[in-house]
Amino acid sequence: MTRGQELALWQLREIAASGEHSLDIESVIKPGENTTSLILQISLRIGPIPFREGGLILRERESFVLSIPATFPLKKPEVAVPHRRFAGYAHVQWTNHLCLYQSSSEWNPSDGIFGLLDRLIWWIKQGALNQL
């Protein structure tokens, strides 16, 4: 793992330990022969949030797959879901890849995983309101 990937894992563990986002780290796959990315599966407690017709139908707890590049935090992580329930919604590509940023220039390396989770939570709330 690179120093950036170690930083991402540390930040994620800090968030999970704080209990602030009701985040659990479900699995960690370190870079190896098949990929240079650190792959993390996490789950977030969604809880009750406003919903509008046509919005994402969310479960109490949702799982996400984070792909942390070797050059993190200079390059943004990618986020996907391990299911096809969000396929067809705005800003969901290839049935499960979430488009959290309109462009790579929106990514702020100094925010790290904290900024990524803030953006993911914003995306979830906007998705439930059908405002992606």
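One can find the structure itself at the top, above this paragraph.
Residues numbered from 1 in each chain as written. Predicted model: local features only at pLDDT ≥ 70, side-chain atom pairs only at ≥ 80, totals over all residues. Heavy atoms only, no water.

A. Summary view of unusual backbone geometry. In this chain, Phe 72 is followed by Pro 73 through a cis amide linkage whose omega measures 5 degrees. By secondary structure assignment, the location of Pro 73 is in the loop between β3 (61-68) and β4 (78-80). Even without a glycine there, the phi angle at His 91 is positive, about 65 degrees. With respect to the helices and strands, the residue His 91 is situated in the loop between β4 and β5 (92-93). Of note in this structure, Asn 130 is not a glycine but carries a positive phi near 60 degrees. Within the element layout of this structure, Asn 130 appears in the segment after α2 (112-128). (Helix = DSSP H or I, 4+ residues; strand = E, 2+ residues; numbered from the N terminus.)

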